[in-house]
Amino acid sequence: MEEATDKYTKDGTTDIHGNPAVRKDTGNWRACPYILGYTNLVNYMLDRLHQGNTTASNNVTNWSGTCYIMPLLGAFLADAYWGRYWTIATFMIVYIFGLVLLTMTASVKGLKPNCQNGVCDPTTAQTAVVFLALYLIALGTGGIKPCVSSFGADQFDETDESEKKRKSSFFNWFYFSINIGALVASSVLVWIQMNVGWSWGFGIPAVVMAIAVASFFLGTRLYRHQKPGGSPYTRIAQVIVASFRKSSAQVTSDSSLLYEVTDKESAIQGSRKLEHTDEFKFFDKAAVMTPEECTTGPPFDPWRLCTVTQVEELKSIVRILPVWASGIIFSTVYSQMSTMFVLQGNTLDPHMGPHFKIPAASLSIFDTLSVIVWVPLYDRIIVPLARRITGRPRGFTQLTRMGIGLVISIFAMLAAGVLEVVRLRVVARHNLYDYNGFVPISIFWQVPEYFLVGQQRCLHLSGSWKREARWIPDNLNRGHLDYFFWLLAVLSLLNFFVYLWIAKWYSYKATVTDDGEPSG
């Protein structure tokens, strides 16, 4: 009997046909290789679209911000209707369409801008097609980004202790594999874009992505699937509406009298019950049962009565909003790696020996190397050591990790600012204000700022930033990019102090175990 019970996973996952997932035939690490399988945009916009520094940087940041906001759509579709597998599959196709169209803008006559003596003059239509391609890629990212890591985590059954431990390591190694790809992109791919041609530089990712899609579909029979749990936005709206409808209701001090389903599992598909908390008690009114509801019994109108778990789901979102807001400055710092760091690097000496020059955008390789070095170090040495000291299964709390990342972001901007001060002093000393060549400083002095960004990214995991044109003109030798870096360093410091106050106030959500007791 016990063997029959252990045959299937206990976390509600199914196979592709909707049948309970067989533990030995699906999921675990065997499914993950199929799941695990920034271009040099600022220079493309400078060279091929003939845009200035500020315009090109703003366009890249706007596009990057869209890539970060679109996952809200992808996560909604996956959770409410399609499930993660079909959301990934659908948006992968959109992503490939975007890559193919972007490749065509750099290779097909009529879509490709006319260039003479290194100066390109794109038409409005040609520029529009480039942006259409980029925003198709952003849309595709929206369905892939929020689902791939979660879909990988679905392959591990949390009710099985051995699989639970593997799941904890999965996220670190998932992130590691992403950065291996980024390492190739920021080195080989950027070099191809700058030295061979943009058509090859965009075409290769399109082919690689097509191979990734094929790999993803090859693993279909091995995957475990969580059923869609319904729209979280609808559930949130129901709690808010029910709370206001019962605004005159008195919330009992005994939380066991608040409405909750009697089943072991939550009423929300694929979720566990959440323990009641005393914060934001106004929303508890949505779970207060009226005498009429006690008499009539289920089914209840979800716009009048919600479960404790549903209420706690909304409370969790309200609690996380300040933490999320503290990440805006962090994301602004991170976005400099694909904009201002590249512009700064374009002015520095890129030579490695007498014949080879490294493209400025390829310096992001050191951000990636930082992650590749840091993830195994963190997972295999720091976490076990911290686990022994703190007694926590993951070593550090998520809030502690994020706080350390915020501190590192301050030093990243300080490193960039110091280098810019030194660069401008060299410009003044040699009167290079209107010189179009390289300032006699090695581009490798940018390595510390990239390396620090990589470390902050490991630990912490925006929109457009309106830049001051007088600080960042097209000729950086006559600007003050250092002022911009100092501003971000100060904002990061202030943001860290705000984060400390938020972290002190924040409380983690707790699930309820099968015996009805809180998990803590």
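Residues numbered from 1 in each chain as written. Predicted model: local features only at pLDDT ≥ 70, side-chain atom pairs only at ≥ 80, totals over all residues. Heavy atoms only, no water.

As annotated in an unreviewed UniProt entry, the protein chain carries the name Protein NRT1/ PTR FAMILY 8.1-like and is attributed to Ananas comosus var. bracteatus. Taken verbatim from the UniProt record of the protein chain, the Sequence similarities (unreviewed entry) comment is "Belongs to the major facilitator superfamily. Proton-dependent oligopeptide transporter (POT/PTR) (TC 2.A.17) family." Annotation of the protein chain in UniProt includes, under Subcellular location (unreviewed entry), the sentence "Membrane". (UniProt positions renumbered as here; feature names shortened; annotations may be inferred.)

Q: I'd like a description of a nonpolar patch on the surface, backed by residues and values.
A: A cluster of nonpolar side chains, namely Trp191, Val196, Trp200, Met352 and Phe356, defines an oily patch on the protein surface of about 520 Å² accessible area. Structurally, the position occupied by Trp191 is in helix H7 (residues 161-195). Trp191 gets classed as partly exposed once you look at its relative accessible area, which sits at 34%. (Patch = residues over 30% accessible without salt bridge, like charges linked within 9 Å, V, L, I, M, F, W, Y side chains within 5 Å. Areas by Shrake-Rupley, 256 points an atom, 1.4 Å probe, with all protein chains shown as cover. Salt bridge = Lys/Arg side-chain N within 4 Å of Asp/Glu carboxyl O. Helix = DSSP H or I, 4+ residues; strand = E, 2+ residues; numbered from the N terminus. Buried < 20%, exposed > 50% of the residue type's maximum accessible area, 1.4 Å probe, protein only.)

Q: Which residues make up the nonpolar core, and what values do they have?
A: In this structure, Ile88, Met92, Leu102 and Phe216 are the most contacted members of the largest nonpolar core, which totals 37 residues. Only helix H4 (53-69), helix H5 (71-105), helix H6 (124-153), H7 and helix H8 (198-218) provide two or more residues apiece to this core. It is H5 that provides the largest number of residues to this core, a total of 13 residues. The contact partners of Met92, leaving out residues within four places of it in the chain, are Ile144, Met209, Val213 and Phe216. Of all hydrophobic cores here, the second largest spans 31 residues; its members include Ala361, Ala412, Met413 and Phe485. (Core = buried A, V, L, I, M, F, W, Y, C linked by side-chain atoms within 4.5 Å. Contact = heavy atoms within 4.5 Å.)

Q: Run through the UniProt feature "transmembrane region" (unreviewed entry) in the protein chain, naming residues and quoting values.
A: Using the residue numbers shown here, the UniProt feature "transmembrane region" (unreviewed entry) corresponds to residues 85-104, 173-192, 198-218, 323-344, 356-378, 399-419 and 483-502. Across residues 198-218, the secondary structure splits into 100% helix and 0% strand, with the terminal C-alpha atoms separated by 31 Å. Spanning residues 356-378, this segment combines 61% helix with 9% strand, and its end C-alpha atoms are found 35 Å apart.

Q: Which residues make up the side chain of Asn495, and what values go with them?
A: Here Asn495 is to be found in helix H16 (residues 481-505). Reaching out from Asn495, the side chain makes a polar contact with the backbone oxygen of Ser326 at a distance of 2.7 Å. (Polar contact = N/O pair within 3.5 Å; in protein donor to acceptor, adjacent residues only side chain to side chain.)

Q: Run through the packing of helix H11 (residues 308-335) against helix H14 (residues 398-429), naming residues and quoting values.
A: Relative to each other, H11 and H14 sit at 30 degrees, their axes nearing to 10 Å. Here H11 lies roughly parallel to H14, going by the angle between them. The chirality of how H11 crosses H14 is left-handed. For the pair H11 and H14, contact is made by Val323, Ser326, Phe330 and Val333 and by Leu399, Met402, Gly405, Leu406, Ser409 and Met413, respectively. Taken together, the residues of the contact of H11 with H14 sort by class into 7 nonpolar, 3 polar and no charged. (Axes fitted to C-alpha atoms, helices over the stretch in contact; angles between N-to-C directions. Parallel < 35°, antiparallel > 145°, perpendicular 65-115°, else oblique. Left-handed = near helix turned anticlockwise from the far one by under 90°. Nonpolar A, V, L, I, M, F, W, Y, C, P; charged D, E, K, R; others polar.)

Q: Kindly report on the environment of Thr234, identifying the contributing residues and their values.
A: Locating Thr234 in the fold gives a position in helix H9 (residues 232-245). Assessed through its relative accessible area of 34%, Thr234 is described here as partly exposed. Distance in space between the C-alpha atoms of Thr234 and Pro302 is 9.9 Å, their sequence separation being 68 residues.

Q: Account for the pattern of salt bridges, naming residues and giving values.
A: Scanning the entire structure with this criterion turns up 11 salt bridges. Put simply, Asp301 and Arg304 hold a salt bridge, and the shortest N to O gap is 4.0 Å. Residue Asp301 is classed as partly exposed on the basis of its relative accessible area, which comes to 37%. The partly exposed category is assigned to Arg304, whose relative accessible area is 42%. Across the pair Asp434 and Arg478 runs a salt bridge, and its minimum N-O distance is 2.9 Å.

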